[in-house]
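# Per-entry structural report
What follows is each chain in one-letter form.
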Amino acid sequence: DFIVSSSIYPLAILTVTMIVTVVLFTVFVPRFAKIFIDMGREMPPSMEFLLAMSSFFSWAWWLIPLCCIGGWLLLKKIMGERELKIALSRLVLKLPLFGRIVVDLEMCKYIRTLAILIANHVEIIRTVRISGKIISNPTVSAGFAEIDRKLKGGDKLSAALAGNRFIPAGMVPMLRVGEESGTVGEMLSKIASHLENDTKLKIKRLLRLFEPAVIIFLALIVLVVVVSIFVAMMEINSISQGGPAI
């Protein structure tokens, strides 16, 4: 819910950017290029590029979703659905900033579920199995597949989670303190709350980076169009000053 509500404004900016881009290339650029065509003059390379982009946006836009769907189905057939999901999950985790946020979101769900079940006196083996099923990313989920085996071997929960690369820093010592004082559920709840607040802060920062990035992208597109049109207008001006072509 927090992610959805925080993404409304950035998505609105992105939508406006895409609409402005489409209008520029499908309405404004073709009308200006028609001036050169009516004059029987060769268009500058910049206008040829813009006109080519305009043609693509006008009739070939459907190739983008078609290629995406076709590529997905092809990879799914070649690799298999499970292997494709695993490969994509690994790719997501390698992304800067976004990958860490995905891990934190999964850990928020995992730790919060542990806290709730332990606080309600659910048997520990069953607790870690249920909590493991909450994790949706296959790569992260695989990192917790052996937790119940370690617990059956006599390890405490803190020892079973120690060394796991997805566990937040500082969780294991805090959990160890909770085990010694008999307040595991309460300690896990505090860890989950702290991690949720930290994750919200990271998401806010990421979205704040996204907004200016979209605005800069729109500014660059407008700049390219304006410069190309300015060059074309200068050529028209030189033609009019030079008199009619022979």
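Counting starts from 1 at the beginning of each chain's written sequence and moves along it residue by residue. Residues qualify for local features only when their pLDDT is at least 70, as the model is predicted, and side-chain atom pairs are given and counted only at 80 or more; totals for whole chains, interfaces and linings, by contrast, use all residues. Hydrogens and water molecules were not included; the side-chain quantities draw on all heavy atoms of the structure.

## A few points about the overall build of the protein
Note the following rule: Comment: elements are numbered from the N terminus, with helices defined as DSSP H or I runs of at least four residues and strands as E runs of at least two. Exposure categories follow from relative accessible area, calculated using a 1.4 Å probe and restricted to protein chains: below 20% of the type maximum is buried, above 50% is exposed, and the middle band is partly exposed. Residue contacts follow a heavy-atom distance rule, with two residues in contact if any of their heavy atoms lie within 4.5 Å. Only the protein chains shown count as cover for residues, and the accessible areas themselves come from Shrake-Rupley with a 1.4 Å probe.
Helix and strand counts for the protein come out as 11 helices and 0 strands. Seen in sequence order, the protein has helices and strands lined up from the N terminus as α-α-α-α-α-α-α-α-α-α-α. For the protein, the residues scored as buried account for 32% of the 246 residues in total. Here the contacts in the protein between residues at least 6 apart in sequence split such that 63% fall between residues at least 24 apart. Of the roughly 15,400 Å² that the protein leaves accessible, carbon and sulfur atoms contribute 68%.

## As for the packing of helix α3 (residues 63-79) against helix α4 (residues 81-94)
So the rule is basically this: Fitting a line to C-alpha atoms yields each axis, with helices limited to the stretch in contact; the angle taken between N-to-C directions then spans 0 to 180 degrees. Each angle receives one of four descriptions, namely roughly parallel if under 35 degrees, roughly antiparallel if over 145, roughly perpendicular if within 65 to 115, and oblique otherwise. Here a crossing is taken to be left-handed if its near helix is turned anticlockwise relative to the far helix by less than a right angle, and right-handed if that turn runs clockwise.
Between α3 and α4, the least distance of the axes is 6 Å, while the angle of their chain directions is 115 degrees. Classified by the interaxial angle, the pair formed by α3 and α4 is roughly perpendicular. In this structure, α3 meets α4 at a crossing whose hand is right-handed. Contact residues: α3 offers Trp 72, Leu 75, Lys 76 and Met 79, while α4 offers Glu 81, Glu 83, Leu 84, Ala 87 and Leu 88.

## Here's the deal with helix α10 (residues 171-181)
To keep it simple, the criterion reads: Arc definition: directions from the helix axis to the C-beta atoms.
Among the residues making up α10, those that are buried are Met 171, Val 172, Leu 175, Gly 178 and Glu 179. One face of α10 carries all of its buried residues, which in axial projection span an arc of 115 degrees. Gly 182 sits one or two residues past α10 and shows a positive phi near 75 degrees.

## Regarding the nonpolar core
This is how it is decided: In plain words, nonpolar cores are sets of buried Ala, Val, Leu, Ile, Met, Phe, Trp, Tyr and Cys residues tied together by side-chain atoms within 4.5 Å.
Met 107, Tyr 110, Ile 111, Phe 144, Ile 147, Leu 161 and Leu 188 are the most contacted members of the largest nonpolar core, which totals 31 residues. Where this core is concerned, the elements lending two or more residues are α5 (98-119), α6 (124-134), α8 (147-152), α9 (157-161), α10 and α11 (184-242). At 9 residues, α5 tops the list of elements feeding residues into this core. Excluding residues within four positions of it along the chain, Ile 147 makes contact with Tyr 110, Val 128, Leu 157, Ala 160 and Leu 161. Within the second largest apolar cluster, 11 residues are counted, among which are Phe 25, Ala 33, Val 225 and Ala 232.

## Some details on the packing of aromatic side chains
Applied cut-off: Under the pairing criterion, centres of Phe, Tyr and Trp rings, with the six-membered ring standing for Trp, must be within 6.5 Å; the plane angle then separates stacked pairs below 30 degrees from edge-to-face pairs above 60, leaving the rest tilted.
Under the defined criterion, the tally for this structure stands at 1 aromatic pair. Aromatic side chains Tyr 110 and Phe 144 sit 4.5 Å apart centroid to centroid with 45 degrees between the ring planes, which places their arrangement in the tilted category. Pair noted here: Tyr 110 is in helix α5 and Phe 144 is in the loop between α7 (138-142) and α8, with a separation of 34 residues, a long-range link. Here the two residues Tyr 110 and Phe 144 agree in accessibility, since each one is buried.

## Remarks on the state of the cysteines
Just so we agree on the cut-off: Disulfides are defined as pairs of cysteine sulfur atoms found within 2.5 Å of each other.
Enumeration over the complete set of coordinates arrives at 0 disulfides. Of all cysteine sulfurs in the structure, the one in Cys 68 sits closest to Cys 67, which takes part in no disulfide; the separation is 7.0 Å.

## Comments concerning the side chain of Asn 137
Test applied: Two N or O atoms count as a polar contact when they lie within 3.5 Å, although within protein this holds only if one can serve as hydrogen donor and the other as acceptor, and sequence-adjacent residues are included solely when both atoms are side-chain atoms.
Counting through the fold element by element, Asn 137 comes out in the loop between α6 and α7. Separated by 3.0 Å, the side chain of Asn 137 and the backbone nitrogen of Thr 139 make a polar contact.

## Quick word on the pattern of salt bridges
Short version of the rule: For this document, the term salt bridge refers to a Lys or Arg side-chain nitrogen within 4 Å of an Asp or Glu carboxyl oxygen.
Counted according to the given criterion, the structure contains 8 salt bridges. Between Asp 104 and Arg 100 there is a salt bridge; the shortest N-O distance is 3.0 Å. With a gap of 4 residues between them, Asp 104 and Arg 100 both fall in helix α5, about one helical turn apart. Given a relative accessible area of 2%, Asp 104 falls into the buried group. When the shortest N-O distance is used, the salt bridge between Asp 104 and Lys 202 registers 2.7 Å.

## Some details on a positive patch on the surface
Stated precisely, the cut-off is as follows: Note that patches include only residues with greater than 30% relative accessible area and no salt bridge, and the join distances are 9 Å for like charges and 5 Å for nonpolar side chains (Val, Leu, Ile, Met, Phe, Trp, Tyr). Positive charge is attributed to Lys and Arg, negative charge to Asp and Glu, and no charge count is given to His or to the chain ends. Taken as the charge location is NZ of Lys, CZ of Arg, CG of Asp or CD of Glu.
Among the surface-exposed residues, Lys 200, Lys 204, Arg 205 and Arg 208 lie close enough to one another that they form a single positively charged patch. With respect to the element layout, Arg 208 can be found in helix α11.

## Some remarks on a nonpolar patch on the surface
A contiguous nonpolar surface patch, about 660 Å² in accessible area, is contributed by Ile 216, Leu 220, Leu 223, Val 227, Phe 230, Val 231 and Met 234. With respect to the helices and strands, Leu 223 occurs in helix α11.

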